[in-house]
Structures are given as structure tokens and as C-alpha cells.
Amino acid sequence: MTLLEIKDLTVGFDTEDGLVHAVRGVSLDLAEGEILALCGESGCGKSVTGMSIPRLLPPDSTRLSGSIRLDGRELTGLPEAELRRVRGKDVSVVFQEPMTSLNPSFTVGYQIGEVLRRHEKLSWKAARARAVDLLRLVGIPAPERRINEYPHQLSGGMRQRVVIAIAVACSPRVLIADEPTTALDVTIQAGVLDVFRDLRDRLGTAIILITHDLGVVADIADRAVVMYAGRAVEQAPVGELFARPRHPYTLGLMKALPTAAAAGADGRLRLAEIPGMLPSSLSDPAACLFHDRCPRAKDDCVTAVPELAASGPGHLAACFYPLEDGSR
Amino acid sequence: MILRVDNLVKHYGAGRGAVVHAADGVSLEIAQGEVLGLVGESGSGKSTVGKCVLRLTEPTSGTIELDGRDITHLSRRALRPLRRDVHMVFQDPYSSLNPRFTIEQIVAEPLRRHGVAKGGEVSRRVTAMMERVGLPRQMLARFPHELSGGQRQRVGLARALILEPKLVVADEPVSALDVSVQASVLNLITDLQRDMGFSCLFITHDLSVVRFLADRIAVMYLGEIVETGPTDQIFAEPRHPYTQALLSAAPVPDPVEQRQRRRVVLGGEIPSPLDPPPGCRFHTRCPLAQDVCRTAVPALRDPYGGRHTVACHLVTDEKIPDATAAH
Ligand SMILES: Nc1ncnc2c1ncn2[C@@H]1O[C@H](COP(=O)(O)OP(=O)(O)OP(=O)(O)O)[C@@H](O)[C@H]1O
Ligand SMILES: Nc1ncnc2c1ncn2[C@@H]1O[C@H](COP(=O)(O)OP(=O)(O)OP(=O)(O)O)[C@@H](O)[C@H]1O
Ligand SMILES: [Mg+2]
Ligand SMILES: [Mg+2]
């Protein structure tokens, strides 16, 4: 069942330099209990796409159009007061840096309890009991003791678990996690990814996982959207995406990874590079934005925007000349 | 050996007599033209070792030999000529590039400081170096903020290499870069290293990066080196349970393989470097820990030869522990 449906989302920001085109007509959907990864390189619009859903964007400079429907209900036109109810209750967010979401001067238990009291109208006693359960759910040992501790008494991995506990306190339908493990060590990351998997399995939470790490995508996501310069250039179930990338940019990313190093003609190990640079976010040409870096580009790539089109089971690619099977 | 670090200790005072054990008895060697990858998690002491090697921070004890010469106690003044031989590349080239200098001034600065070139020779060498790191000549007149992250890291490399140092200490030089930019900087580093022949201490937390470019690897945990060896061997047959855990935790970008891998799940948390555990420092998280691990400090040994050393009581002449099998 489709839970969240985004259609033609376009987000720009007014800046001194002009209008920044952050997201350029992205469409995607998220099913109940699904883990969808939004991936791509820095500045491609992952966070802005994610934050458009609870509309955590600067109100004065943001220009947003398109449609975002949660359970059929349109979110884009909602007044701020109603959005506040959506946030935390229907849609909640986990950021990269746990300390940006935690208040250093309150105990962990108080901070989780606060959310429960506000949204669920629980008593302090009931909220505290729930908080212990939530800490246990996110894999914090000895939760009865931890609940009385302050954020600075916890390690980075533990803090992120607390943030996740707060985010899922009111059983949101959609959890948006923006680079939730990027600041963590790999041995800690593995445990935090397990928490997300577990939340999905036990509570059926749908998760949008924003990450630039294709290893994380391969590990945990059901489906992935690859973004480039504000556009979704490819979407597919993860197995399909890695086995048969269709968009030349997706393939370029996969081949540029150090794990994909291959010996060159002289026997030296080399990485495949993607030549050129990102296009400016200040202009919005009617072209494939990857054309000047693409080995397959032809004339029409410069004069028209390729739309997302089917190219396999559940597989969409925005390319006039998608790769064939066996390109990897 | 270009670099020989012996029993390096670095303790930082943390107030009220508390001491951060940032590096405790670190020994390592780098041969001429060799790249040693120093890996380990955040706070394990990698940067501390790098800074001690460059004498950017003073070691508490131990010795550092550069090209056969003990530099541990050299005065600032005596150290100066040696600064030509060792250079550092930082993670964030932006904070290490003076924003008021042009790229030309930045790259030329080491030549001027050491008085190794004058006038036309300076600009000849700067231009040649810019070409070598793949930056167009027009960039010489620009300022750091006008460059992209990858371009700035190329400037950082140009500045580090212009004196043709014997040793380069690179601290997370590609960690802030996007995959596609990282690929070109990594290719550049390997090309430069092979062509110019410098030795390199390459510090990173990214195992796939060291696998790509290091000849040898040293793994740190809580201020100590727990394993060293040739890169291929470390990846094929990690011996220390911590190395096994680290390798198994880094997700590989292949869903079929990734979802079949056996992972070592580490219990507990990384202990505080203020009060490292007795015995083997890893015992509080090691799934295989025995009584001996809690009391006796394991020495780095090379039980099977081949310069593959490991500090673990459970590695014997007959047996290598397998943390992935523990549960
Ligand atoms: N408040 C803002 N005002 C102006 N431009 C913005 C604002 N927020 C984001 N942008 C721009 O929008 C584009 C997309 O940014 P976004 O943060 O979504 O990228 P991202 O894919 O999340 O990148 P990263 O991996 O670095 O987090 C970028 O060009 C960014 O500079
Ligand atoms: N100047 C300092 N004063 C006090 N403690 C310090 C100082 N520099 C580093 N430390 C501490 O020493 C330990 C080792 O730090 P170091 O920076 O060497 O780790 P690292 O392995 O480079 O970590 P990262 O991967 O996060 O860069 C840490 O606990 C750190 O907090
Ligand atoms: Mg982002
Ligand atoms: Mg460091």
C-alpha cells in the first residue's frame, strides 16, 4: 500500500545570487513498512527532498511546488499549526548529528517523556514507563538506569539511539533519517542500522533513509532513488539497481567506489572517475543535467529533459540512452 | 626505513590529574616508497600518531627516527631543515589553506620558507606542480574559496609535494570528498606516490580507501596498534578479533554479498581513553575474551612470519581466533 506519494516536487530557495534550484520535479512513493534510500552526492537535493515532507525548510526563502500526499492527505498546503501535529506524530526526523536534536540540560527520560506527553497526552508516570520500553527497543542496555542520564554521559552511538527513540515515540507512519550513521564509526553504525531494520519489522514503520553511502544502501534499503543535481535519475529495488544500473550516473558512482578499483592497462589499480563537475544550481536548463559528464550523451540530451521511464521490474531511469544489461 | 616509530606514548592532560591515553606504546615502520595505512575508529589515536611523527605535538615518550636520524628531541631550530622532508596533507584543505593567499602563493610558500628556489625558478616549479596535480594554470591567481573541495585538496597536495618530501603524512585527505571527486584524488595520490616515490603514512577510517592504496596496514584501537601486515593479508585473513569486527562491519556496496556476510557484533561501548581497560584493551567488547585477556597485556607478535603482527592472546602458533563464529 502506498503510504506517501510525492509528485513533481520542486523546491527553490531565494538567495542573493538568485534562485537556487535544489529539487527539480522529483516524484517518488513509499509503501508501508518500506525502507527507501535517497542517495547521491553532496548537494543533489536529498535533504531538501526529505525535509520538504514535514516542511522543515526556511519559510521565507523556500519556494515549493508539487504534491506530497500522506495517506491521501495533501501536506503541501497545510497551515503551520497543522503541520506541527504532523511532525512528530505522522512524520518524524532523525538528523546526522544527534546533539542537534537533544537538549544537553535535560535527562534522556525527560526528553522522551516530553514528546509522549505533548503528542499522546500521557501522564508522567506512563510516559516514563514508555520511555524505558523505547530505549529497550532501540537497543540501549540497562534502560532503567540510562533514562536518568544526560546526553553528554552517552556515547555517540547511544545518543543516536536516543534520538531514534524520540523519533519513534509516537509511532510515526514515516521516519525520515538524514545521514543517521554518517557521524558514527562503522562498528556502531552496524548496530544503529539494525535498529532501523528492527523498527520496520516490528512496528511496520516506513523509513526514508538519506545517505551518500552505497554500502549502507546495499545493506538496508528495499528500494533506492538516485539523485543528481536535484533530479531523481533512477529508482529501483536495491538488488535490481546494483545488478543492472540503467543511468550512466548511477554506474559512474558505483565504479568510482574504491571497492570497484580495477587494474588499468599498465597493471596499476585505478578508480573510474566521473569527469567534469556538477552543474550550477542557479540555472535550470531543459536538458539532461548529466549530459556534459556522460559518455553516452547525444544531441537530444542537451535539448530535452529525459523523464523517468520504465526499464525493468519496478525500475525507472531518466535517460534517453539507458545502459543495457551487463553494463556492470 | 624512512620512518621508524618506537614505543611512542602521547598522553594529554585532561585536568585534575586525569590523562588521555591517546597513544600508548605505538611502534611502526615505513620503508622507502611504501604506503602505510593507519586505520581505526574515531578517537583511537591515529591523528595523534601523525602529529607526533611531524613533531606538531610533543611525544610523552618513545622515539621517532626519520631516515635513520632520531628526531624525537631535536630543537625547533634543528628540526627546520628536516621539515623539507616531511609534509602533511589534511582532511579539510580549506581550513589549512590561508584564505588571503592566492593559490600560487600557497603552493610556493614551502619553496620560499626553505629558500630552495628564487624568482623565476619558483614560478617554474609551481606551474609544473600545478600541472602535476591536474589544476589549470588560470587557477594560480584564484583564492581558496573560489575552488571546489576536490580542487582545494589538489592544492593541498601540490603544497605538500613541491619540496619533493621523503615522507607525506596524509590525515583523512579524501574523507570530506564525494565519491566521484574522491576517485580522482585517490588516483592522483597513487600516481604521484609511484612517480615521485615518497613514503606515506595514510590515516583514514575508511577501509576501502586503504585497501585501494596502502601496501601495508596498521590497525589501532584505543591508543594501541593491535595488528599490522600487508594489505592483502589483512583483508584476506584478519587475525585480531577487532580487525575482524572492523572489516565485517563496513558494508560492501553489493546487496547480494552484503546481506550474506557474517558480522561480528561488538558488545558494549568504546571505553574511555581516560581510563583504558587493563589487560587487552579490547577485552570489554571482544566476543572471544578469556580470563587472561582481562589481566595480561598482549604483545605484538609475528607468529607466522611475513611481517604480519598481532597483539592477541588468542592467536597461537596453531590457531587464529574467529570472532565471526562467536555468538
Ligand atoms: N536554505 C537553503 N538556501 C539556499 N540553498 C539551499 C538551502 N538548503 C539547501 N540549499 C541548496 O540546495 C541544494 C540541495 O541541498 P541538499 O541539502 O538537499 O543536498 P544533499 O543532497 O542533502 O547534500 P549533502 O549530502 O551534502 O547533505 C544544494 O545546492 C544546497 O546548497
Ligand atoms: N589536544 C588534545 N588534548 C586532549 N585530548 C586530545 C587532544 N587531541 C586528541 N585528544 C584525545 O586523544 C584521543 C585520540 O585522538 P585522535 O585525534 O588521535 O584520534 P583519531 O584516531 O585521529 O580520531 P578521528 O578518527 O576522530 O580523527 C581522543 O580521545 C582525543 O579526544
Ligand atoms: Mg544532506
Ligand atoms: Mg583524526
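Novice: Help me out: how do you make sense of the pairing of strand β2 (residues 19-30) of chain B in this one?
Specialist: Looking along a regular strand, one sees the side chains alternate between the two faces of the sheet. Residues and elements named next belong to chain B. Inspection of the sheet shows strand β1 (residues 3-13) paired to β2 by nine bridges, in the antiparallel sense. Across the sheet, the residue bridging to Y12 is V20, located in β2. Counting the residues that bridge the hairpin from β1 to β2 gives five residues, and of these G15 lies at a positive phi of roughly 85 degrees.

Novice: Sorry if this is basic, but what is going on with the site of ligand 2 here?
Specialist: Residue and element names in this part refer to chain B. Taken together, Y12, V20, A22, E41, S42, G43, S44, G45, K46, S47, T48 and P273 make up all the residues around ligand 2. Between an oxygen atom of ligand 2 and a main-chain N or O atom of G43, the distance comes to 2.8 Å. In this structure, an oxygen atom belonging to ligand 2 sits 2.8 Å away from a side-chain N or O atom of S47. Here ligand 2 loses 63% of its free accessible area of 630 Å² to cover by the protein chains. Breaking the shell around ligand 2 down by element, the ones donating at least two residues are β2 and α1 (46-53). Of all the elements, α1 adds the most residues to the shell around ligand 2, at three residues. Residue composition of the shell around ligand 2, by class: four nonpolar, six polar and two charged.

Novice: What am I meant to see in the side chain of H283(B) here?
Specialist: Positionally, H283(B) belongs in the loop between α11 (255-258) and α12 (291-295). Not counting chain neighbours up to four residues away, the residues in contact with H283(B) comprise P277(B), P278(B), A289(B), C293(B) and R294(B).

Novice: What exactly am I supposed to notice about helix α10 (residues 241-249) of chain B here?
Specialist: The α-helix advances 3.6 residues per turn, and as a result positions three or four apart in sequence lie on the same side. Of all nine residues that make up α10(B), nine are buried, and the element is covered over most of its length. Turning to α10(B), its buried residues are P241(B), Y242(B), T243(B), Q244(B), A245(B), L246(B), L247(B), S248(B) and A249(B).

Novice: Help me understand the side chain of R246(A) in this model?
Specialist: Residues and elements named next belong to chain A. Inspection of the secondary structure assignment puts R246 in the loop between α10 (238-243) and α11 (248-256). Classification of R246 by relative accessible area gives buried; the value is 10%. Apart from residues lying up to four places away in sequence, R246 is in contact with E234, E240, S311, H315, A317, P322, L323, E324 and D325.

Novice: When you look at a nonpolar patch on the surface in this model, what are you seeing that I'm missing?
Specialist: Residues and elements named next belong to chain A. Taken together, the side chains of F106, Y110 and W124 make up a nonpolar region of the molecular surface, amounting to roughly 280 Å² of accessible area. Along the chain, F106 falls in the loop between α3 (98-101) and α4 (108-120). A residue is classified by how much of its surface remains accessible, and F106, at 34% relative accessible area, is partly exposed.

Novice: Mind showing me how you'd approach the packing of α4(A) against helix α7 (residues 156-168) of chain A here?
Specialist: When two helices pack together, their arrangement is given by the angle between the helix axes and the distance between those axes. Residue and element names in this part refer to chain A. Relative to each other, α4 and α7 sit at 20 degrees, their axes nearing to 9 Å. By the angle between their directions, the pair α4 and α7 is classed as roughly parallel. Where α4 crosses over α7, the two elements pack in a sense that is right-handed. Contacts from V108, Q111, I112 and V115 in α4 reach V162, A165 and I166 in α7. Classifying every residue of the contact of α4 with α7 gives six nonpolar, one polar and no charged.

Novice: I'm lost on the interface of chain B and chain A in this one. Help?
Specialist: By a frequent convention, interface size equals the accessible area lost on bringing the separate parts together. If you look at the interface, chain B gives 35 residues, while chain A gives 39 residues. Between chain B and chain A the total buried area reaches about 3,000 Å² when both faces are included, carbon and sulfur atoms providing 56% of it. Considering only the surface of chain B that becomes buried against chain A, V179(B), P253(B) and E269(B) emerge as the three largest contributors, covering 19% of it. If you look at where chain B meets chain A, you find four salt bridges. Between D194(A) and R263(B) there is a salt bridge, with its nearest N and O atoms 2.6 Å apart. Linking chain B with chain A are 14 residue pairs in polar contact (both at pLDDT 80 or more), by the criterion used here. Sorting the residues of the side of chain B that touches chain A by element identifies α7 (179-196), α8 (207-213), α10 and α11 of chain B as the ones contributing at least two each.

Novice: Please clarify how the pattern of salt bridges should be interpreted in this entry.
Specialist: Here the idea is simple: oppositely charged side chains can pair when their charged atoms come close. By the definition in use, this model includes 47 salt bridges over all chains. We note a salt bridge from D201(A) to R200(A), for which the minimum N-O separation is 2.9 Å. Classification of D201(A) by relative accessible area gives exposed; the value is 55%. Between R132(B) and D195(B) there is a salt bridge, with the nearest N and O atoms lying 2.6 Å from each other. Linking R132(B) in helix α5 (residues 119-132) with D195(B) in helix α7, this pair joins segments that are 63 residues apart in sequence. Shared partners join several salt bridges into a network, and the residues in it are D266(A), R268(A), R270(A), R132(B), D191(B) and D195(B).

How each quantity is defined
- Residues numbered from 1 in each chain as written.
- Chains lettered and ligands numbered in written order.
- Predicted model: local features only at pLDDT ≥ 70, side-chain atom pairs only at ≥ 80, totals over all residues.
- Heavy atoms only, no water.
- Pairing = 2+ DSSP bridges.
- Helix = DSSP H or I, 4+ residues; strand = E, 2+ residues; numbered from the N terminus.
- Near = heavy atom within 4 Å.
- Polar contact = N/O pair within 3.5 Å; in protein donor to acceptor, adjacent residues only side chain to side chain.
- Areas by Shrake-Rupley, 256 points an atom, 1.4 Å probe, with all protein chains shown as cover.
- Nonpolar A, V, L, I, M, F, W, Y, C, P; charged D, E, K, R; others polar.
- Contact = heavy atoms within 4.5 Å.
- Buried < 20%, exposed > 50% of the residue type's maximum accessible area, 1.4 Å probe, protein only.
- Patch = residues over 30% accessible without salt bridge, like charges linked within 9 Å, V, L, I, M, F, W, Y side chains within 5 Å.
- Salt bridge = Lys/Arg side-chain N within 4 Å of Asp/Glu carboxyl O.
- Axes fitted to C-alpha atoms, helices over the stretch in contact; angles between N-to-C directions.
- Parallel < 35°, antiparallel > 145°, perpendicular 65-115°, else oblique.
- Left-handed = near helix turned anticlockwise from the far one by under 90°.
- Buried area = accessible area lost by both parts, 1.4 Å probe.

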